[in-house]
Amino acid sequence: MGRMDGKVAVITGGASGIGRGCALRFAEEGASVMVADLNLDRANEVADEVVGAGGAAQAVQVDTASEEACEAMAAATVDAFGKIDACVAAAGISHAGYVSRDAETQATEDRFDKDDMLALDKSVDSWQRVIDVNLTGVMLTDRAVARHMLGSESGGAIVNIASVAAVTALKGSADYCVSKAGVWMLTKCLAIELARNKIRVNAVGPGYIRTSMSAAVTVHDGWVKAREKETPLRRLGEPVDIANACLYLASDESSFVTGEILFPDGGLNAHVRG
Ligand SMILES: NC(=O)c1ccc[n+]([C@@H]2O[C@H](COP(=O)([O-])OP(=O)(O)OC[C@H]3O[C@@H](n4cnc5c(N)ncnc54)[C@H](O)[C@@H]3O)[C@@H](O)[C@H]2O)c1
């Protein structure tokens, strides 16, 4: 008996990293999964991986910063699987120029030194792009799926991927930190607005996780050692660590939990913020 048997889940950012981890883990527990991502080729690969392992999945292209695309993603999920029970909003970018690719390319080509990315120097366009994808994109995703959950007897469960950066300032990443703090407040607002429809909305705030997004920094041993040192559990996280937290919040096991944030971060938040 799987923990998500009979449920349909939409995972944005499902083609890579944390989103991919959620798609694989949710399918393992019996969910039918819609892998939604800007990168359709990689989303199809993840859907094929799920199907190859005996699960049910399809892929759809979405730019979560577009309202029309989010509505089409939700409609495509209902067309494919008949309903939406759960959603993980994991699509995100670390800075305006970031494009998720394979970790090897990322490690050699992405930004490591962010000294010229301070808020004083940032263009309004690059600030806006991060807010559009990381914050507005989550709002558009949440309400597109919620509209299909409204009439359901059993309601639904939405999990928004925030970050420890929602509560901890990072130099050179003001846009990212503000977007994630916004996701945390958005989660609470939607939780109280949608509770009467039995739709639960929670957030997950990962610490340092090994994905394409972090590859530019995790390739540097010194950086990894420093992060391990400040993380009480003395390791970086893996996508499955976050997928397991999302699974709890998306399943009926958390049926009395809404408007909360869970930090799967190896104790980083407790250590840094006290
Ligand atoms: N990796 C970490 O250490 C870490 C820590 C905290 C929070 N997060 C958050 O976790 C989420 C997933 O990040 P990840 O580390 O797995 O990165 P990733 O780059 O591996 O995956 C992100 C995915 O989102 C997709 N995406 C980007 N913009 C999109 C858009 N506009 N529409 C649809 N899809 C889009 C990308 O194509 C990619 O497949 C992000 O919200 C990120 O901010 C990551």
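Here, every reference points to the structure presented above.
Thresholds, definitions, all that
Residues numbered from 1 in each chain as written. Predicted model: local features only at pLDDT ≥ 70, side-chain atom pairs only at ≥ 80, totals over all residues. Heavy atoms only, no water. Salt bridge = Lys/Arg side-chain N within 4 Å of Asp/Glu carboxyl O. Helix = DSSP H or I, 4+ residues; strand = E, 2+ residues; numbered from the N terminus. Buried < 20%, exposed > 50% of the residue type's maximum accessible area, 1.4 Å probe, protein only. Axes fitted to C-alpha atoms, helices over the stretch in contact; angles between N-to-C directions. Parallel < 35°, antiparallel > 145°, perpendicular 65-115°, else oblique. Left-handed = near helix turned anticlockwise from the far one by under 90°. Contact = heavy atoms within 4.5 Å. Nonpolar A, V, L, I, M, F, W, Y, C, P; charged D, E, K, R; others polar. Near = heavy atom within 4 Å. Polar contact = N/O pair within 3.5 Å; in protein donor to acceptor, adjacent residues only side chain to side chain. Areas by Shrake-Rupley, 256 points an atom, 1.4 Å probe, with all protein chains shown as cover. Pairing = 2+ DSSP bridges.

Peer 1: Before we move on, can you summarise the pattern of salt bridges with the specific residues and values?
Peer 2: Summed over the entire model, instances satisfying the criterion amount to twelve salt bridges. The salt bridge partner of Glu-28 is Arg-25, with a shortest N-O separation of 2.9 Å. In this pair, Glu-28 and Arg-25 both sit in helix α1 (residues 17-28), three residues apart, roughly one turn of the helix. Taking the relative accessible area as the measure of exposure, Glu-28 reaches 60% and is therefore exposed. Salt-bridge contacts for Asp-241 lead to Arg-235; the nearest nitrogen and oxygen are separated by 2.9 Å.

Peer 1: Would you mind going over the packing of helix α5 (residues 124-149) against helix α6 (residues 174-194) in detail, with residue names and values included?
Peer 2: Relative placement of two packed helices is described by the angle separating their axes and the distance separating the axes. Relative orientation of the contacting elements α5 and α6 amounts to 20°, with a least axis distance of 9 Å. Classed by the angle they form, the pair α5 and α6 counts as roughly parallel. The chirality of how α5 crosses α6 is right-handed. Here Ser-126, Trp-127, Val-130, Ile-131, Asn-134, Leu-135, Val-138, Met-139, Asp-142 and Ala-146 of α5 lie close against α6, whose contacting residues are Ala-174, Asp-175, Tyr-176, Val-178, Ser-179, Lys-180, Gly-182, Val-183, Leu-186, Leu-190 and Leu-194. The residue inventory of the contact of α5 with α6, partitioned by class, reads 14 nonpolar, four polar and three charged.

Peer 1: Outline the site of the ligand, listing residues and values.
Peer 2: Near the ligand you find 29 residues, and of these Ser-16, Asp-37, Tyr-98, Tyr-176 and Thr-211 are the closest. Ile-18 places a polar main-chain atom, nitrogen or oxygen, 2.8 Å from an oxygen atom of the ligand. Within the side chain of Tyr-176, a nitrogen or oxygen atom sits 2.6 Å from an oxygen atom of the ligand. Contact with the protein chains hides 96% of the accessible area of the ligand, taken as 830 Å² for the molecule alone. Listed by contribution, the elements that provide at least two residues to the shell around the ligand are α1 and α6. Of the residues that constitute the shell around the ligand, the class distribution is 16 nonpolar, ten polar and three charged.

Peer 1: Give a detailed account of the pairing of strand β2 (residues 32-37), specifying residues and quantitative values.
Peer 2: With respect to burial, β2 is a largely interior element, six of its six residues being buried. In this sheet, β2 lies alongside strand β1 (residues 8-12) in parallel orientation, the contact comprising five bridges. Note on β2: the bridge partner recorded for Ala-9 is Val-33. Pairing between β2 and strand β3 (residues 56-61): six bridges, direction parallel. Residue Val-33 lies in a different strand from β3, and its bridge partner there is Ala-57.

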